[in-house]
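Each chain, letter by letter, is given below.
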Amino acid sequence: MKSIAPLLTQISLWASACILTVLPCAIAFDYGGILPWAQWATCVAVLAAGLLALPSIIDRETLGGPRFHWLAILLLGWAAFAWFQTLPLPGFLTSLLSPGSAAAYTTWLDPILGSQTERSSMHPISIDPAASRHAIAMLLVVATLAWTSASVFQNRRRLVLLMAGLAVGAAVHAALGIFQLVSPETDLLGMNAINRGSHFAAFVNRNNAALMMNIGVGASMGVLAWRLSALIGTEVDDENFEVNDLISLASDRDSSIALISLVLCTAALLVCGSRGGLVSAMIGFTLALGWIRARRGTASIPVIIAVLAIAVALLIVPFNLDLTSLDRMELLSDQDQSTLLNDGRIPLWNDVIAAATTYLPTGSGLGTFADAHLTQLEKSSDGWAHHADNLWLEMFTEQGIPGLLFVGVLIVGVIRSLNKLNDSPDAVDHGLRVAGWYILGSLAVSQFFDMGLIIPANLIACAIFLPVAATRGHLVAPRIRDTGYQSGETDDYFDADEYIDADDEHEVAEDLADEQTVSGELDGSGDDGVPIESVTATEAKRKPRIRFQTKKSLFPSLAIAALVVLPNAWALSVLQKDASADAIIRRSQAMLAQRGVEPAQLETLISPLEELAKQTASPAVYRTLSDLHFQLARYDEVVQANPKSTEQLRELYQQTAPAVRRLKWHAQNESVAARSTNHRSSSSGSDSNDSADTGGDTSGVERTATPPLSRHYIAALKNAEAELCVRPLSREARTASLYLDFVYTDRDRTRAILQQLSELYGTYSAALRQLAQLSLDSNESELGATYLRKLLERQPNQTPAALKMLESHPDILIASIVPPTTANYRAAAKYLITRPDPDLEFLARAFEGLACGQSETIAERARCEELCADTAYVLKRHIESFECYQKAVELDSANANLQLKYINRLREQDKIGTARALARKARERFPDDRRFDAVINQMAQQELR
């Protein structure tokens, strides 16, 4: 039985190693693992690997204890801090720890849901506890990975398996991405269905894919460095390393896999289009090859150029692919909007820094960045940034100062361990050191331009590899003790060779034999009469083993394993619920998007969603419930109207659309909307229903009786309010509440929602335009004018749409919404001169502000002069108009339409002679244009009459 136990232990550890090795590549095939079900499956795999690694606790060949598993303990501490952020705390404590979070639960919610006396005064630091719990679950998975990986991959052969597996896995995705570029019509993995961003391989975003490619490059270099050191004893980051030494790898079959992976991953980096990926690769190479650490100066520059040139010549040209990543390296181009200075990152970072300072010192909660930065939007581009495209800045926003400390300790600890590996005589440790420096360097740099580490596939790969690099240094004896060992002072250590396991002993002998054989072939020293066996024995005695066994205490190792593995059960439960919620939410959204869905089908979704809402308090579940109830309410109203035909049914259904339903109510109840009734549906559903049924007015105002309001409208509003309680900065919940203002009939509340949405959508032009329309529909002319002006300050090309919107609201002056800029004046004048009754006072002001002299090109100047002429003509300033027409014709003499318009305007003002002369010149200039002949004939006939 005793002889079977070690065998079973090794089988278990090898099974755990195989699961961990395959996991990053496998999970990456599901869009990088971003879907909740994939994350749940990842947790199951990690838990299985952790359980299989438990025999390492009693394995005398495997080290343990708090000092060795420091990274897993650090991650557990980080998870504990993130969990603390989700706990409800007294208001004063939340204000002290995170003023921004306290404001989210008070300042932002009080105008909508009432003061804290009506709600709980306890609220967490996290502004989205459900998202934080999901992120904490993933962090616990990473902590389990850290312990499992550090325990399993202490064995040399399993460590080689890890590096080779990461290299091959990344190479598979690199080959897939390159194949997609070569054959774009092939829709592998359904990636062509992605209509946002630029995907590569199975990743939705090419920057995320680039991080996986860099991990593959680092692992490939680690395997090659190991084989090079084992064969000839040369280290690639040593100053004596020469490129010619790589020839020794040509006949080594173990190096072929790593070489192919290195080639594929490097090629993928060049063609995927990620600028950050290339920059981080260059930093990774310089660190891995020791050019920065060894202070080799400018010697690194020509080597980097040579590597890139070889990759281009040998790999890229035969595939006839554009070097997209290199093309996008340009930083200062004003033409390419994808460059760093023009892609919106820097303005976003400015807003993120402003937002992050409001949450100091403890941040806004793990996984809450999508909402956290919304309160400080001023410079960001259009759209919604779910991530900061800078992981370190995003982490600073979410975790505050403690997050930076956790990251700092982690990086410093890994660097110290990598430095300790310099003293190891083991070739595998040399390969691990090279891979570690490359991956750490590329990871630190790439996350300044991206957030690829959040993607589960990349996170799992790093969580498997970095713990090995962070703990392997503890297996290396210090330098001073190496001297003692060589001099025979071994009192503090057991005999190293006595504790080498069978796998390691076989591989050490094999490596030493290979080293001697290849060295003999290269330098001719193989025939010196010294048998290989004796040299091997001498080398083994000269080089101290790195695994010095000490007496192992079982309790600390068991306690750490329990602390790391057991919380995974909670994480599994959280991820399973989130995956279930995501599945039913997607099904609900699909049914809501379909036509002809029966109400009974939608009602079957209500019960499971309500159960999930009780279990998870997920904002997404509440939002889906609100949407379902609103749709059911629309069905109720159509049924109450009792349509007699299909056409009438279709018309009634269209009238229940959110915007139409709300606008109709405001039009019918303008007197009610003008006063605040201050009803809260959350405080009393029956009261809200009664007030909604009567329009919220009990003062005796006569009104035609309306059908009773559907109970589903009340439920929709309640769920929107429930979402706000657990996610106080939700834009979607506020929008849903706004479209349901005919339920709560409180103008003050509607006004507050409009004001808050304008801040949360501060730089989103399309949303500002919609908010302006909603404000005008709500009889909030002042707000509507404010939002239109804010919109036109950002997007002058929206001026025509804004002016058209004002035609239904003549009480708002055009001058109040159009900013006094040249671009806005030009856009406004161009629109107004086409209207039948323009605002001449504003048009005169716009005419003075056209500033044609500021035009940058001749074509722009010609268009401006034409606009100036048209505007002056509408203002009946004919002399100025004709002067501008003349300038425009001189600048754009090839524009026949312009000249014809000029001629007709002269005719309208009885300047026949000038018009005839211009028409004749134009006929000579445009002989094929018969319109000028017609004009000349018309003028001749007019003179005859």
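Residues numbered from 1 in each chain as written. Predicted model: local features only at pLDDT ≥ 70, side-chain atom pairs only at ≥ 80, totals over all residues. Heavy atoms only, no water.

For the protein, the name recorded in an unreviewed UniProt entry is O-antigen ligase family protein, with Novipirellula rosea as its organism.

Let's shift gears to the overall build of the protein. The secondary structure content of the protein amounts to 43 helices and two strands. Put simply, the protein has 945 residues, and 54% of those count as buried. Contacts in the protein between residues far apart in sequence, at least 24 positions, make up 75% of those at least 6 positions apart. Roughly 42100 Å² of accessible area belongs to the protein as shown, and the carbon and sulfur atoms make up 58% of that amount. (Helix = DSSP H or I, 4+ residues; strand = E, 2+ residues; numbered from the N terminus. Buried < 20%, exposed > 50% of the residue type's maximum accessible area, 1.4 Å probe, protein only. Contact = heavy atoms within 4.5 Å. Areas by Shrake-Rupley, 256 points an atom, 1.4 Å probe, with all protein chains shown as cover.)

This brings us to the pattern of salt bridges. According to the stated counting rule, one finds 25 salt bridges in the structure shown. Across the pair Asp933 and Arg930 runs a salt bridge, and its minimum N-O distance is 3.5 Å. Residue Asp933 is classed as buried on the basis of its relative accessible area, which comes to 19%. Linked by salt bridges that have partners in common, Asp371, Arg623, Glu723, Arg727 and Glu732 make up one network. (Salt bridge = Lys/Arg side-chain N within 4 Å of Asp/Glu carboxyl O.)

Tallied over the full model, the rule gives one disulfide. Each disulfide pairs two cysteine sulfurs, and for Cys852 the partner residue is Cys864, the sulfurs being separated by 2.1 Å. Torsion about the S-S bond of the Cys852 and Cys864 cystine: about -85 degrees, corresponding to left-handed handedness. Taken together, the positions of Cys852 in the loop between α38 (840-848) and α39 (858-874) and Cys864 in helix α39 put the pair 12 residues apart, joining distant regions of the chain. For the pair Cys852 and Cys864, a shared accessibility class is recorded, and that class is buried. We note that Cys868 lacks a disulfide partner, and the nearest cysteine sulfur, in Cys884, lies 3.2 Å from it. (Disulfide = S-S within 2.5 Å.)

A word on the environment of Ala80. Here Ala80 shows up in helix α3 (residues 70-84). We classify Ala80 as partly exposed; its relative accessible area is 40%. In the structure, Ala80 is positioned 59 residues away from Leu139 in sequence and 9.9 Å away in space, judged by C-alpha atoms.

Moving on: the packing of aromatic side chains. Applying the stated rule across the entire model yields 12 aromatic pairs. Judged by centre distance (5.0 Å) and plane angle (90 degrees), the rings of Tyr713 and Phe742 are edge-to-face. Of this pair, Tyr713 sits in helix α30 (residues 711-726) while Phe742 is found in helix α32 (residues 741-744), placing the two residues 29 residues apart along the sequence. For Phe742, a relative accessible area of 1% puts it in the buried group. The cationic tip of Arg749 hangs over the ring face of Tyr744; the distance from NZ or CZ to the ring centre is 4.3 Å. (Phe/Tyr/Trp six-rings, centres within 6.5 Å; stacked < 30°, edge-to-face > 60°. Lys NZ or Arg CZ within 6 Å of the ring centre and 35° of its normal.)

Another aspect to go through is the confidence of the model for the protein. For the protein, per-residue confidence averages 82 on the pLDDT scale, and 79% of positions sit at 70 or higher. Of the regions scoring below 50 in pLDDT, residues 329-336 engages in 13 contacts with residues more than four places distant in sequence or in other chains. (pLDDT = per-residue confidence, 0-100.)

With that out of the way, let us pick up the packing of helix α9 (residues 206-232) against helix α11 (residues 275-288). Contact geometry for α9 and α11: axes closest at 10 Å, N-to-C directions at 20 degrees. In terms of axis orientation, α9 runs roughly parallel to α11. Taken as a pair, α9 and α11 cross one another with a handedness that is right-handed. Contacts between α9 and α11 pair Ala210, Asn214, Val217 and Met221 from the former with Gly277, Ser280, Ala281, Phe285 and Ala288 from the latter. Classifying every residue of the contact of α9 with α11 by side-chain character gives six nonpolar, three polar and no charged. (Axes fitted to C-alpha atoms, helices over the stretch in contact; angles between N-to-C directions. Parallel < 35°, antiparallel > 145°, perpendicular 65-115°, else oblique. Left-handed = near helix turned anticlockwise from the far one by under 90°. Nonpolar A, V, L, I, M, F, W, Y, C, P; charged D, E, K, R; others polar.)

Our focus in this paragraph is a nonpolar patch on the surface. Taken together, the side chains of Ile4, Leu7, Leu8 and Ile11 present a nonpolar region at the surface, about 380 Å² in accessible area. Positionally, Leu8 belongs in helix α1 (residues 4-28). (Patch = residues over 30% accessible without salt bridge, like charges linked within 9 Å, V, L, I, M, F, W, Y side chains within 5 Å.)

Let us now look at unusual backbone geometry. The omega torsion across Leu360 and Pro361 is 10 degrees, close enough to zero to call that bond cis. Of note, Ala617 is a non-glycine position whose phi angle comes to about 50 degrees, a positive value. Residue position: Ala617 is located in the loop between α24 (599-616) and α25 (619-641). The backbone phi angle of Ala851 is positive, close to 50 degrees, even though this residue is not glycine. Within the element layout of this structure, Ala851 appears in the loop between α38 and α39.

In terms of nonpolar packing, the biggest core is built from 128 residues, with Leu75, Trp147, Met221, Tyr438 and Phe465 touching the most fellow members. Ranked by residue count, the leading element in this core is α9, at 17 residues. Excluding its chain neighbours within four sequence positions, the residues that come into contact with Phe465 are Leu162, Met163, Leu166, Leu432, Ala435, Gly436 and Ile439. Counting 83 residues, the second largest nonpolar core, distinct from the first, contains Ile753, Tyr825, Phe842 and Met939. (Core = buried A, V, L, I, M, F, W, Y, C linked by side-chain atoms within 4.5 Å.)

At a closest axis distance of 8 Å, the pairing of α1 and helix α2 (residues 36-52) adopts a crossing angle of 160 degrees. The orientation of α1 with respect to α2, classified from their angle, is roughly antiparallel. Here α1 runs over α2; the crossing is left-handed. Side by side, α1 and α2 meet where Ser12, Leu13, Ala15, Ser16, Ile19, Leu20, Leu23 and Ile27 of the first sit next to Ala38, Thr42, Ala45, Val46, Ala49 and Leu52 of the second. Grouping the amino acids of the contact of α1 with α2 by side-chain chemistry returns 11 nonpolar, three polar and no charged.

An ideal rise of 1.5 Å per residue puts 20 Å on 14 residues; helix α43 (residues 931-944) measures up with 20 Å between its terminal C-alpha atoms. In this structure, the buried side of α43 is in contact with α41 (896-908) and α42 (912-925). (Expected span 1.5 Å × (residues − 1).)

Looking now at helix α34 (residues 765-777). Spanning 13 residues, α34 covers 19 Å between terminal C-alpha atoms, matching the ideal 18 Å at 1.5 Å per step. Those residues of α34 lying buried are Ser765, Ala767, Leu768, Leu771, Ala772, Leu774, Ser775, Leu776 and Asp777. The secondary structure elements touched by the buried residues of α34 are α27 (658-668), α31 (731-738), α33 (747-760), α35 (781-794) and α36 (799-806). Downstream of α34 by a residue or two, Asn779 has a phi angle that is positive, lying close to 60 degrees.

We now examine the side chain of Thr42. Note that Thr42 resides in helix α2. With relative accessibility at 1%, the residue Thr42 sits in the buried group. Setting aside residues up to four positions removed in sequence, Thr42 forms contacts with Leu23, Ile27 and Ile460.

A word on the environment of Leu566. Relative to the helices and strands, Leu566 is located in the loop between α22 (554-565) and α23 (567-593). The sequence separation of Leu566 and Thr144 amounts to 422 residues, and the corresponding C-alpha distance is 9.0 Å.

Attention now goes to the environment of Arg734. Tracing the chain through its elements places Arg734 in helix α31. For Arg734 and Leu757, which are 23 residues apart along the polypeptide, the C-alpha to C-alpha distance reads 7.3 Å. Apart from the residues lying within four places of it in its own chain, the contact partners of Arg734 are Trp108, Leu109, Ile112, Leu724, Pro728, Leu729, Ile753, Gln756, Leu757 and Leu760. Reaching out from Arg734, the side chain makes a polar contact with the backbone oxygen of Ser730 at a distance of 3.0 Å. (Polar contact = N/O pair within 3.5 Å; in protein donor to acceptor, adjacent residues only side chain to side chain.)

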